[in-house]
Amino acid sequence: MSGRLFVTGDTHGTGINRLSGRNWPMGRQLDKDDYVVVCGDFGLVWNAAGEDPTEKWWLD
């Protein structure tokens, strides 16, 4: 499956855990053609000191 759109609200400090396969089974099936829109603060990819390997992985 690809090209799907998912929308969620503010993650309230849970970060990527909210979108992990453990908390959201559909998350295990995401691929590069899917989109996840977060309406609210996101805070997942935001390293003020500069991009680190974990942040780069999530951006990719």
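Data block above holds the structure.
In this report, we go over the structure that sits alongside the text. Predicted model only: the values in this text are computed from it and were never measured.

### Describing the overall build of the protein chain
Next up, step 1: When you go through the protein chain residue by residue, the secondary structure sums to one helix and two strands.
Next up, step 2: Each helix (α) and strand (β) of the protein chain, taken in turn from the N terminus, gives the series β-β-α.
Next up, step 3: Looking at the 60 residues of the protein chain, the share that counts as buried comes to 20%.
Next up, step 4: Summarising the internal contacts of the protein chain: among those between residues at least 6 apart in sequence, 59% fall at separations of at least 24.
Next up, step 5: Taken as a whole, the protein chain presents about 4700 Å² of accessible surface, with 56% of it coming from carbon and sulfur.

### Quick notes on the pairing of strand S1 (residues 5-8)
Next up, step 1: Judged by which residues are buried, S1 turns out to be one-sided: Phe6 and Thr8 face inward and are buried, whereas Leu5 and Val7, on the alternate face, are not.
Next up, step 2: As defined by bridge partners, S1 adjoins strand S2 (residues 35-38) across four bridges and the pair is classed as parallel. Considered in S2, the bridge of phenylalanine 6 is made with valine 36.

### Focus: a nonpolar patch on the surface
Next up, step 1: Side chains of Leu5, Val7, Tyr35 and Val37 sit close together on the surface and give an oily, nonpolar patch of about 420 Å² of accessible area.
Next up, step 2: Taken together, the elements giving at least two residues each to the nonpolar patch come down to S1 and S2.
Next up, step 3: In this structure, valine 7 sits in strand S1.
Next up, step 4: Overall, the relative accessible area of 57% leaves valine 7 in the exposed class.

### Concerning the environment of valine 38
Next up, step 1: Note on placement: valine 38 falls in strand S2.
Next up, step 2: Along the sequence, valine 38 and aspartate 10 sit 28 residues apart, while their C-alpha atoms lie 6.5 Å from each other.

### A short note on the pattern of salt bridges
Next up, step 1: Tallied over the entire structure, the rule returns one salt bridge.
Next up, step 2: With its nearest N and O atoms 2.8 Å apart, the salt bridge here joins aspartate 34 to arginine 4. With aspartate 34 in the loop between S1 and S2 and arginine 4 in the segment before S1, the pair connects residues that are 30 residues apart, well separated along the chain.

### Here's the deal with the environment of leucine 5
Next up, step 1: Along the polypeptide, leucine 5 turns up in strand S1.
Next up, step 2: A sequence separation of 30 residues divides leucine 5 from tyrosine 35, and the C-alpha atoms of the two residues are 4.8 Å apart.
Next up, step 3: When residues no more than four places from it in sequence are discounted, the contact partners of leucine 5 are Tyr35 and Val37.

Calculation criteria
Residues numbered from 1 in each chain as written. Predicted model: local features only at pLDDT ≥ 70, side-chain atom pairs only at ≥ 80, totals over all residues. Heavy atoms only, no water. Helix = DSSP H or I, 4+ residues; strand = E, 2+ residues; numbered from the N terminus. Buried < 20%, exposed > 50% of the residue type's maximum accessible area, 1.4 Å probe, protein only. Contact = heavy atoms within 4.5 Å. Areas by Shrake-Rupley, 256 points an atom, 1.4 Å probe, with all protein chains shown as cover. Pairing = 2+ DSSP bridges. Patch = residues over 30% accessible without salt bridge, like charges linked within 9 Å, V, L, I, M, F, W, Y side chains within 5 Å. Salt bridge = Lys/Arg side-chain N within 4 Å of Asp/Glu carboxyl O.

Any functional reading would require information that these geometric values do not contain.
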